[in-house]
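Secondary and tertiary structure notes
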Amino acid sequence: MSPISAATIVVEGRAIAVDSEGYLRDLGDWSPAFAEALARREELVLTPAHWELIRYLRDYYAEHGVQAQVRVMIRHFSERWGPERGNNHALHEMFPRGGPQKQGNRMAGLLRTKGEH
C-alpha cells in the first residue's frame, strides 16, 4: 500500500487538510463550503438530491458512529425517491467517482470506509 500524501483544499481562504483522495484529515473541518469546494475539484455539480444524500450520510454517521453501507442507502432512498431514483445504479450515477460510499462520504466530510485503499 502506498503512503497517503498530504494535500489541502482551500475553503473560504482557509487551507483544509485532506488526504490524497480528498478525505478530510479532521472531521471538524467539514462545512457546506468544503463540500462545494471538493465538488468543484471533482467536477461534480451538487444538486438538491446530492445535498439530501450528503445530509443523510452525515446524520447516519452522527447517529450510528459508522458510515452507512450502500445497501442501507439504497433502501432509504428507494423508499424516499422511488425505485428508479433510489437504486444502486442511480446513486452511483450521482457520485460517479466511487459511488455514494466513497465520493458521497468525501463530500459529507466522513472518513474512508474500512477496506478502502
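Since the structure is predicted, the reported quantities are computational estimates derived from the model, not experimental observations.

Moving on, we get to the nonpolar core. Residues Phe34, Ile54, Tyr56, Leu57 and Met73 are the most contacted members of the largest nonpolar core, which totals 32 residues. Elements that contribute at least two residues to this core include exactly strand S1 (7-11), strand S2 (14-18), helix H1 (32-41), helix H2 (48-64), helix H3 (70-81) and helix H4 (88-94). Broken down by element, this core gets its largest block of residues, 7 residues, from H2. When near neighbours in sequence (up to four residues on either side) are disregarded, Ile54 contacts Trp30, Leu46, Phe95, Met107 and Ala108.

The next point concerns the packing of aromatic side chains. Two aromatic rings, taken as a pair, are described by how far apart their centres are and by the angle between their planes. In total, this model carries 3 aromatic pairs according to the counting rule given. Ring plane angle 40° and centroid distance 5.9 Å describe the contact between Tyr56 and Tyr60, whose orientation is recorded as tilted. Of the two residues, Tyr56 and Tyr60 are both situated in helix H2; the distance of 4 residues between them amounts to about one turn of the helix. For the pair Tyr56 and Tyr60, one class covers both residues: buried. Each residue in the set Tyr56, Tyr60, Phe77 and Trp81 is aromatic and connected to the rest through ring pairs, giving one cluster. The side chain of Arg58 reaches across the aromatic face of Trp30, ending 3.8 Å from its centre. Across the ring face of Trp81, the terminal group of Arg85 is positioned such that the distance to the ring centre comes to 4.6 Å.

Rules behind the numbers
- Residues numbered from 1 in each chain as written.
- Predicted model: local features only at pLDDT ≥ 70, side-chain atom pairs only at ≥ 80, totals over all residues.
- Heavy atoms only, no water.
- Core = buried A, V, L, I, M, F, W, Y, C linked by side-chain atoms within 4.5 Å.
- Buried < 20%, exposed > 50% of the residue type's maximum accessible area, 1.4 Å probe, protein only.
- Helix = DSSP H or I, 4+ residues; strand = E, 2+ residues; numbered from the N terminus.
- Contact = heavy atoms within 4.5 Å.
- Phe/Tyr/Trp six-rings, centres within 6.5 Å; stacked < 30°, edge-to-face > 60°.
- Lys NZ or Arg CZ within 6 Å of the ring centre and 35° of its normal.

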